[in-house]
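# A closer look at the structure
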Amino acid sequence: MIELHELTKRYGDTVAVDRLSFQVPQGVVTGFLGPNGAGKSTTMRMILDLDRPTSGQVTIDGRRYGQLSEPLKYIGALLEAKAVHPGRTAYDHLLWLAQSNRIPTSRVAEVLDLVGLTAVAKRRSRGFSLGMGQRLGIASALLGDPEIVMFDEPVNGLDPEGILWIRNLMKGLAAEGRTVFVSSHLMSEMALTADHLVVIGRGRLLANLSMAEFIKQNSRSAVRVRTPHVEQLLAVLHGAGLNAVPGPAGSYEVEDGDLTHIGELAASHGVTLHELSPQQASLEEAFMQMTADSVQYQAGGAAPGRTAPGQAHGQTPGPAPAQPAAWGAGWKEKS
Ligand code: ADP
Ligand code: MG
């Protein structure tokens, strides 16, 4: 289990991670959600000991990453920056990792097969597409058959097929009882993958709850109506004990209204309707509301590109034995 206790990281005046405390549960996919710059990558780097906390602690099964003797057997990670030397073949990259972590060589072919790279295993990774690079990164993460896997924005820049593949892989790993911790800046992505949610903004914990609970708390439904006879309709709704608030383009929205009931009410009073439609607040909207403060703070008022891919920061080499993330600082695949 990953456990964070008052974890804090400052870079000069920037508080990237601010007294973050939570545990990542076993056997489910936990989504680590926050707008760009919220501190997700920094938190993940601290979990892997690639960045030193300013204060607080993070442990894996009760120990710091650096204290694990064969870390790849506990936790496998795919971080944002590309983690493979471009001149190496996929096979050689995995072989080197396996050997430096005392993992049997036979496991290399197994993980190549698992991620569907067997056919290109002897090609230099320089020619790999973004999706192939991600698959190789995932193969590295799975090499030690770890109980915990951690992915930082794994679907960024992938095509729909690649995204679907990663989603199913994560669900499968959780179904095997593993701990899966995955970050994203997109609620829509988490809604399709995560069972549990940890939301952060400005480095602070904003929510820590099950996906089901998040949906229950945040799904608001309303009925939108539009009519040329506004006053008449409002009077009819009011008479039926329904409250309507102005919506877009001259429409009105009735909170928790029933579509059929409102349609029949209008008809029985001879009020013409030009629109009668159900409205569902999206989880994306709920997430935006939850993190609105942190986004405004970052950009001085305007919301920055939520859909822009998270920026990758250069990584410092980790301690031996090698973790895939220690490679390739500065090398980025063009896509
Ligand atoms: P996220 O992954 O959620 O987008 P990050 O962890 O990358 O967020 O960044 C959190 C904050 O810390 C941002 O303000 C970012 O600019 C800052 N930051 C991250 N890494 C560094 C670094 N190596 N040096 C200085 N500032 C950094
Ligand atoms: Mg990031």
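Residues numbered from 1 in each chain as written. Chains lettered and ligands numbered in written order. Predicted model: local features only at pLDDT ≥ 70, side-chain atom pairs only at ≥ 80, totals over all residues. Heavy atoms only, no water.

Time to look at the packing of helix H2 (residues 90-100) against helix H4 (residues 130-142). One can describe the packing of H2 onto H4 by two numbers: an axis separation of 10 Å at closest approach and a directional angle of 20°. Considering the angle they form, H2 stands roughly parallel to H4. Remark: the crossing between H2 and H4 carries right-handed chirality. Residues Ala90, His93, Leu94 and Leu97 of H2 form the contact with H4, whose participating residues are Leu136, Ala139 and Ser140. In terms of residue class, the contact of H2 with H4 is made up of 5 nonpolar, 2 polar and no charged. (Axes fitted to C-alpha atoms, helices over the stretch in contact; angles between N-to-C directions. Helix = DSSP H or I, 4+ residues; strand = E, 2+ residues; numbered from the N terminus. Parallel < 35°, antiparallel > 145°, perpendicular 65-115°, else oblique. Left-handed = near helix turned anticlockwise from the far one by under 90°. Contact = heavy atoms within 4.5 Å. Nonpolar A, V, L, I, M, F, W, Y, C, P; charged D, E, K, R; others polar.)

With mixed pairing, the 6 strands of this open sheet are ordered in space as S5-S6-S7-S3-S8-S9. For this open sheet the edge positions go to strand S5 (75-78) and strand S9 (204-210), each flanked by a neighbour on one side alone. For this sheet, the mean inter-axis angle between neighbouring strands, taken without regard to orientation, is 15°. As paired strands, strand S3 (residues 29-33) and strand S8 (residues 196-201) are joined by 4 bridges and run parallel to one another. Looking across to S8, one finds that Thr30 is bridged to His196. Across the sheet, H4 lies against S5 and strand S6 (148-152), angled at about 165° from S5, the strand it touches most. Taken strand by strand, helix H7 (residues 211-218) contacts S8 and S9, and its axis lies near 100° from that of S9. (Pairing = 2+ DSSP bridges.)

The next subject is the site of ligand 1. Of all residues adjacent to ligand 1, which total 13 residues, the nearest are Gly37, Gly39, Lys40, Ser41 and Thr42. Gly37 is positioned with one of its backbone polar atoms (N or O) 2.7 Å from an oxygen atom of ligand 1. Residue Lys40 places a side-chain N or O atom 2.8 Å away from an oxygen atom belonging to ligand 1. If ligand 1 stood free it would expose 570 Å²; the protein chains cover 78% of that surface. Of all the secondary structure elements, the ones that give two or more residues to the shell around ligand 1 are strand S2 (14-24) and helix H1 (40-47). Looking at which element gives the most residues to the shell around ligand 1, the answer is H1, with 4 residues. (Near = heavy atom within 4 Å. Polar contact = N/O pair within 3.5 Å; in protein donor to acceptor, adjacent residues only side chain to side chain. Areas by Shrake-Rupley, 256 points an atom, 1.4 Å probe, with all protein chains shown as cover.)

In short, the description is geometric, and any link to function would need to be established separately.
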